[in-house]
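One-letter residues, chain by chain:
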Amino acid sequence: MQKVRANIYSTGLMITLVSLTCLSATAVADNELGLSLKGSTLGAGIELDYRINNRFNVRLQANGYNYDDDFEEDDISYVGELELSTQGLLLDWRPFAGNFRVTGGIYSNANQLTGTATDAGEQSYDIGNVEYFSNPDNPLRVDANVDLGKSSAGYLGLGWGNAMPSGWMFSVEVGVLLAGEPQVQIDASGSAQVYANGSYQVFDVSDTSNPLVQELNENIRAEEQNLADDISGFKAYPVIALGVGYRF
């Protein structure tokens, strides 16, 4: 659902970008339109900058980056991927009509972390303080999906640069993306083994009528809460950005 909302936001921002470009065709001659490349904690980005006057700028921005890495949560080892995808509409205010600026705006936010843990039976999963083993004939798989905040997020920042009426532009910015609480979902598939009633019991995790599956699902909900607590700091995501561009 978040990806669908993010695509709607992205489409709206692209329409705005095209509209602004068309409406600003006459402004290019007056050196009001700039284009920049960005590097930030939101990923690599591109930005269209419209200089209203010496105190205000409007910026449209798109950022993205994918990073693969392994991570561990509560003794479960995941093969993970961090996917960063944001598009923003920002307003700069230059209180002193110079390079210093105060920025506010809104981003569409599709930042997410995904991870998969699989095992053929040699290792165990500690889920809710219960040790589960995989069944080699139908290996247990645990999938974690973390939406890093809501699909739309506010932004506040302080920066320097992009004030030049023409020519090359350089910028530095520090801010915070007010993304909101991360949303965590963990799902299991396959078959598992657990020690119960004096012996190892094998069960298919899709059989919700099985009390062992019901217990597993309760433990998974506990793991979701543990993971959400561990990454709760991401509801205010720090943004540090550098940019270089040219105002036409």
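Residues numbered from 1 in each chain as written. Predicted model: local features only at pLDDT ≥ 70, side-chain atom pairs only at ≥ 80, totals over all residues. Heavy atoms only, no water.

(A) Spatial organisation of the overall build of the protein. A tally of regular secondary structure across the protein gives 2 helices and 15 strands. Classification of the 248 residues of the protein by burial places 43% in the buried group. When contacts within the protein are restricted to residue pairs at least 6 apart in sequence, long-range pairs at least 24 apart make up 66% of them. Total accessible area on the protein is roughly 12,700 Å²; 58% of this is exposed by carbon and sulfur atoms. (Helix = DSSP H or I, 4+ residues; strand = E, 2+ residues; numbered from the N terminus. Buried < 20%, exposed > 50% of the residue type's maximum accessible area, 1.4 Å probe, protein only. Contact = heavy atoms within 4.5 Å. Areas by Shrake-Rupley, 256 points an atom, 1.4 Å probe, with all protein chains shown as cover.)

(B) Fine view of unusual backbone geometry. The phi dihedral of alanine 97 falls on the positive side, at around 55°, and the residue is not glycine. With respect to the element layout, alanine 97 can be found in the loop between strand S4 (76-93) and strand S5 (100-109). On the basis of relative accessibility, which here comes to 32%, the residue alanine 97 falls in the partly exposed class. At asparagine 197, a position not held by glycine, the phi torsion is positive, near 55°. Checked against the element boundaries, asparagine 197 lands in the loop between strand S13 (191-196) and strand S14 (199-204).

(C) Local environment of the side chain of asparagine 162. Tracing the sequence through the fold places asparagine 162 in the loop between strand S10 (152-161) and strand S11 (167-178). Discounting residues that sit within four places of it in the chain, asparagine 162 has contacts with Ser36, Glu47, Asp49, Asn57, Arg59, Arg94, Arg101, Met169, Phe170, Ser171 and Arg247.

(D) Region of interest: the sheet that holds strand S7 (residues 124-127). Read from one edge to the other, the open sheet built from 4 strands follows the order S7-S8-S13-S14, with strand pairing classed as antiparallel. The open sheet has two edge strands, S7 and S14, and neither has a second partner. Shown here is a sheet whose adjacent strand axes are inclined to one another by a mean of 35°, direction ignored. (Pairing = 2+ DSSP bridges. Axes fitted to C-alpha atoms, helices over the stretch in contact; angles between N-to-C directions.)

(E) Summary view of the nonpolar core. Grouped together as the largest cluster of nonpolar side chains are 26 residues, with contacts concentrated most on Tyr125, Ile127, Tyr132 and Phe203. Counting residues per element, the ones that place at least two in this core are S4, S7, strand S8 (130-134), strand S9 (140-147), strand S12 (183-189), S13 and helix H2 (211-230). Of all the elements, H2 adds the most residues to this core, at 6 residues. The residues touching phenylalanine 203, leaving out its near neighbours within four places in the chain, are Tyr132, Gly190, Ser191, Ala192, Val194, Asn210, Leu212, Val213 and Leu216. (Core = buried A, V, L, I, M, F, W, Y, C linked by side-chain atoms within 4.5 Å.)

(F) Layout of a nonpolar patch on the surface. Residues Leu35, Leu37, Ile46, Trp160, Trp168, Phe170, Val244, Tyr246 and Phe248 make up a contiguous nonpolar surface patch of about 950 Å² in total accessible area. Elements with a minimum of two residues in the nonpolar patch: strand S1 (33-40), S11 and strand S15 (236-247). The topology assignment puts valine 244 in strand S15. Judged by relative accessible area, which is 35%, valine 244 ranks as partly exposed. (Patch = residues over 30% accessible without salt bridge, like charges linked within 9 Å, V, L, I, M, F, W, Y side chains within 5 Å. Salt bridge = Lys/Arg side-chain N within 4 Å of Asp/Glu carboxyl O.)

(G) A look at the packing of aromatic side chains. For the structure on display, the rule yields 8 aromatic pairs. Here tyrosine 195 and tyrosine 200 contribute two aromatic rings whose centre-to-centre distance is 5.2 Å and whose plane-to-plane angle is 70°, an arrangement assigned as edge-to-face. The class for tyrosine 200 is partly exposed, based on a relative accessible area of 47%. The rings of Phe133, Tyr195 and Tyr200 are connected pair by pair, giving a single aromatic cluster. (Phe/Tyr/Trp six-rings, centres within 6.5 Å; stacked < 30°, edge-to-face > 60°.)

(H) Summary view of the confidence of the model for the protein. Predicted confidence across the protein gives a mean pLDDT of 85, with 85% of residues reaching 70 or more. At the low end of the mean pLDDT range in the protein sits helix H1 (residues 2-23), at 48; at the high end sits S5, at 97. Scored below 50 in pLDDT, residues 1-6 shows 12 contacts in the model against residues more than four places distant or in partner chains. Low pLDDT (under 50) marks residues 23-29, which in the prediction has 6 contacts with non-local residues, meaning those over four places away or in another chain. (pLDDT = per-residue confidence, 0-100.)

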